[in-house]
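A look at the structure
Residue-level listing of the chains:
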Amino acid sequence: MKTDSGIIGQSLDRAKEALESGKLVAIPTETVYGLAANALNPNAVARIFEAKRRPSFDPLIVHIPDASHLDRYTQDIPEKARALADALWPGPLTMVLPKKPIIPDLVTSGLPTVAVRSPRHPLSQKLLRQLDFPLSAPSANPFGYLSPTQPEHVADQLGSEVAYILDGGPCEVGLESTIVSFENPGKIEMLRAGGYPREEIEDLLNTHLAVRTHSTSNPSAPGMLAQHYSPHTPLMVVPIGSDTGQNPLSLDSGRSLHPEQAKIAYISLMPLKEKPAWATDHFAWTESGNLRQAATRLFALLRTLDRSNYDLIVAEQVPNQGLGPAINDRLARAAARS
Ligand code: TXA
Ligand code: MG
């Protein structure tokens, strides 16, 4: 469904003009759509937090065209960080590094570090090269909801908050960037699983990546909230092979839904010969089990099912290899109840 509001289009000039006057523009990246503003203008950045209803303790990622811009905004850059940028940018990698004073405190929620990345989508690349400032951009969804992977997703929820939505089509990766922090010398940490698998980064760095676990209360690990990316419809995540087992509702006494009466959508990685007896409908992330394809469909399918009057969505975990851990991470957070 294309909204006819006239705010979705492919004009780089319109995007540039709006951003230069401090307005918000939704931009396509290879991961998810971002809600962008001039990262060097605190008033523009403040609009991002208002539009998303995002708590101000959750800092933003700054988007730059390429690694040659790193030194403008960050300092004390370790060799390994430069090596990662050279190997993986543009692409779904965000690095947390000590910030320079030019980055406003609002962007980093007062932290001494800033998260930076160079997105690979050709339109965001072109746009960033035409601007004389970087773009701070969180995912373009209301705080806590599923991330948008199509321009229409942004229009549906934040259409009244943005001056323009730059249409780059559906996102190629479909999952947010992998976040790697270099803030503690001698210890490189992964803060979020994402579009680049952990093993790929470890191979490149020839180093083990420590994984920082999420926290709802520790502001030094902002944004790693246990509950996030959530549809309004309750979501349950079940182990692989649950289609042949019992109704998951009868195993979970904490739900008020009636196992026999609830309308349940079941999602598994691949098509099934037969849908589980307890499911109303069955959906597959992919035809073949390819995890990259599953990632591209993850948020869009959950969004569609969220609008389809099911009482419960049950999603089967995917194998923990390649993008699997990132997919399982999003599913677990989407299913968590605060
Ligand atoms: O793929 C992506 O990264 C997308 C696209 C639009 O680029 N952006 C995105 O942004 O996912 P957002 O705001 O939804 O998630 C950014 C995460 C948050 O969890 C935030 O807490 C963390 O990055 N973050 C940002 N700055 C940080 C910092 N200085 N230290 C630790 N974590 C930081
Ligand atoms: Mg987000």
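For the structure given in this document, a descriptive report is provided here.

Calculation rules
Numbering of residues starts from 1 in each chain and follows the order in which that chain's sequence is written. Each chain is given a letter, starting from A, and each ligand a number, starting from 1, according to the order in which they appear as written. Side-chain atom pairs in this predicted model are given and counted only at pLDDT of 80 or more, local residue features only at pLDDT of at least 70, and totals for whole chains, interfaces and linings cover all residues. Hydrogens and waters are ignored; side-chain quantities use all the structure's heavy atoms. Two strands qualify as a pair provided that DSSP identifies no fewer than 2 bridges between them. Runs of E in the DSSP output that reach at least two residues are strands. Runs of H or I that reach at least four are helices, and both are numbered from the N terminus. The angle between two axes is taken between their N-to-C directions and runs from 0 to 180 degrees, where each axis is a line fitted to C-alpha atoms and a helix contributes only its stretch in contact. Any two residues having at least one pair of non-hydrogen atoms within 4.5 Å are treated as being in contact. Using a grid of 1 Å spacing that covers the protein atoms alone, one calls a set of points a cavity when a 1.4 Å probe fits there but cannot get out, and a pocket when the set is open and has protein on both sides within 12 Å along at least five of seven lines; lining residues are those with an atom within 4 Å of a point. Grid points are joined across faces, edges and corners, and a volume is the space filled by probe spheres set on the points. Under the grouping applied here, Gly and all other residues not named as nonpolar or charged are polar, the nonpolar ones being Ala, Val, Leu, Ile, Met, Phe, Trp, Tyr, Cys and Pro and the charged ones Asp, Glu, Lys and Arg.

Right, let's talk about the sheet that holds strand β12 (residues 235-238) for a bit. The strand order across the open sheet built from four strands is β12-β15-β13-β14, with neighbouring strands paired in parallel fashion. This sheet does not close on itself; its edge strands, each paired only once, are β12 and β14 (281-284). Between one strand axis and the next, the sheet turns through 20° on average, direction left out of account. Pairing analysis gives four bridges linking strand β13 (residues 264-268) to strand β15 (residues 312-316), with the strands arranged parallel. Across the sheet, I264 pairs through a bridge with L312, a residue of β15. Lying on the sheet, helix α10 (residues 291-306) is in contact with β12, β13, β14 and β15; it crosses β13 at an angle near 170°. Lying on the sheet, helix α11 (residues 324-335) is in contact with β12 and β15; it crosses β12 at an angle near 135°.

Moving on: the layout of surface pockets. If you add up the space inside the second largest pocket, you get close to 330 Å³. What lines the second largest pocket is a set of 18 residues, and nearest its centre among them are Q150, H153, A300, R303 and T304. Breaking the lining of the second largest pocket down by element, the ones donating at least two residues are α7 (151-158) and α10. Per element, the largest residue contribution to the lining of the second largest pocket is six residues, and it comes from α10. Taken together, the residues of the lining of the second largest pocket break down into six nonpolar, seven polar and five charged.

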